Amino acid sequence: MSKQTTPTPGPSFEGTLTGGSHAASDKYLERRAWIGEYFDQTAADGWRQLTSDEKVSKVRATVREGRDRMRHTLLSFLPTDLRGWRVLDAGCGTGMLAVDLALRGAEVVAVDLSPTLVGYGRDRAAAAGVSDRVVFHDGDMLDPAYGAVDAVVAMDSLIHYDLPHIIEALTSLAARTRGPIVYTVAPWTPILGPLLTIGRLFPQRDRSPRIVPTAERRLRGAIAAAPSLAGWTSGRTQRIERGFYRSQAYELIRTDASVPTAGARA
Ligand SMILES: C[S@@+](CC[C@H](N)C(=O)[O-])C[C@H]1O[C@@H](n2cnc3c(N)ncnc32)[C@H](O)[C@@H]1O
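Residues numbered from 1 in each chain as written. Predicted model: local features only at pLDDT ≥ 70, side-chain atom pairs only at ≥ 80, totals over all residues.

Quick notes on the overall build of the chain
Then step 1. Counting its secondary structure elements, the chain contains nine helices and seven strands.
Then step 2. A burial count over the chain gives 40% of its 266 residues as buried.
Then step 3. Contacts spanning at least 24 positions in sequence make up 72% of the contacts within the chain whose residues lie at least 6 apart. (Helix = DSSP H or I, 4+ residues; strand = E, 2+ residues; numbered from the N terminus. Buried ≥ 20, exposed ≤ 12 C-beta atoms within 10 Å, placed from the backbone. Contact = placed C-beta atoms within 7 Å.)

Details of the packing of helix H3 (residues 58-76) against helix H4 (residues 96-103)
Then step 1. In contact at an axis separation of 11 Å, H3 and H4 are set at 40° when each is read in the N-to-C sense. Our classification of the angle between H3 and H4 gives oblique. Here H3 runs over H4; the crossing is right-handed. Packed against H3, whose contacting residues are Arg 71, Leu 74 and Leu 75, the element H4 presents Met 96, Leu 97 and Asp 100 at the interface. (Axes fitted to C-alpha atoms, helices over the stretch in contact; angles between N-to-C directions. Parallel < 35°, antiparallel > 145°, perpendicular 65-115°, else oblique. Left-handed = near helix turned anticlockwise from the far one by under 90°.)

Some thoughts on the environment of Thr 80
Then step 1. Tracing the backbone shows Thr 80 in the loop between H3 and strand S1 (86-90).
Then step 2. Sequence separation between Thr 80 and Leu 101 is 21 residues, and the spatial gap between their C-alpha atoms is 9.1 Å.

A word on H4
Then step 1. The buried count for H4 comes to seven of eight residues, which makes it a mostly enclosed element.
Then step 2. Buried within H4 we find Met 96, Leu 97, Ala 98, Val 99, Asp 100, Leu 101 and Ala 102.
Then step 3. Where H4 is buried, its residues meet H3, S1, strand S2 (107-112), helix H5 (115-128), strand S3 (134-138) and strand S4 (151-154).
Then step 4. Looking one or two residues beyond H4, the residue adopting positive phi is Gly 105, at roughly 105°.

What about the site of the ligand?
Then step 1. Lining the immediate environment of the ligand, one finds 21 residues, of which Phe 39, Gly 91, Gly 93, Met 141 and Ser 157 sit closest.
Then step 2. Breaking the shell around the ligand down by element, the ones donating at least two residues are helix H1 (26-42), H4 and S2.
Then step 3. Of the residues contributing to the shell around the ligand, the split by class is eleven nonpolar, six polar and four charged. (Near = placed C-beta within 6 Å. Nonpolar A, V, L, I, M, F, W, Y, C, P; charged D, E, K, R; others polar.)

Structure, rendered in structure tokens:
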């Protein structure tokens, strides 16, 4: 697939979508601008290191381990053979999952707000010999300009959004996805939830966007109640906890029989 086949909306940290027009709220745009700036500037080198084989601190090693488990969990929610599938890696970071999907045969559209991380992703795909199957873009993962896909993966890219924004994001992704959306949300736990809530009351020195814990019951309830997600249902879930890494995998599945499933389409 050539890099020119899909319009390139480009980064939009100023809070406007340049290549599409999903009905984004002002609050979503504000949040997105903060997240994009943080990952592209403050956190870019840390992410490069965390997602490489370089030696990291013991704490970060547990995060790396947890993230490896999470990647395998999300992949286990999809078929092993992804030939014939077009998959969106929404918030691809340095492209680890995008490359795994391509190695399973998928054509991958990998999108991230951070041009720097996307650049690392391109290097990763080249090193793995799958550059021809992964098209990277810096832009908003919710931009409809990236076109229809058979499945979406969104690993830890929704953890900085609150529940209304998660529903907004899932709705936007669902509108152009034939098959499953597999994604993660930060779990609300009796310890983590209150800690992060208290943290929100204090000024943030490093400007990192807060992780927003969301209880499974609230998430499932909001999905079931959202008219915009009629025809979709929540499926499997699995929580991964390893050292300092905590995240929960979910799948959102189409129940609407009028839309062909990815398998049926291929
Ligand atoms: C915690 S990192 C995870 C990256 C990657 N999915 C992984 O697991 O290695 C979250 C990423 O989501 C991206 N992100 C968050 N909101 C986004 C949006 N609206 N559009 C595109 N990328 C987004 C951030 O820029 C960041 O790189």
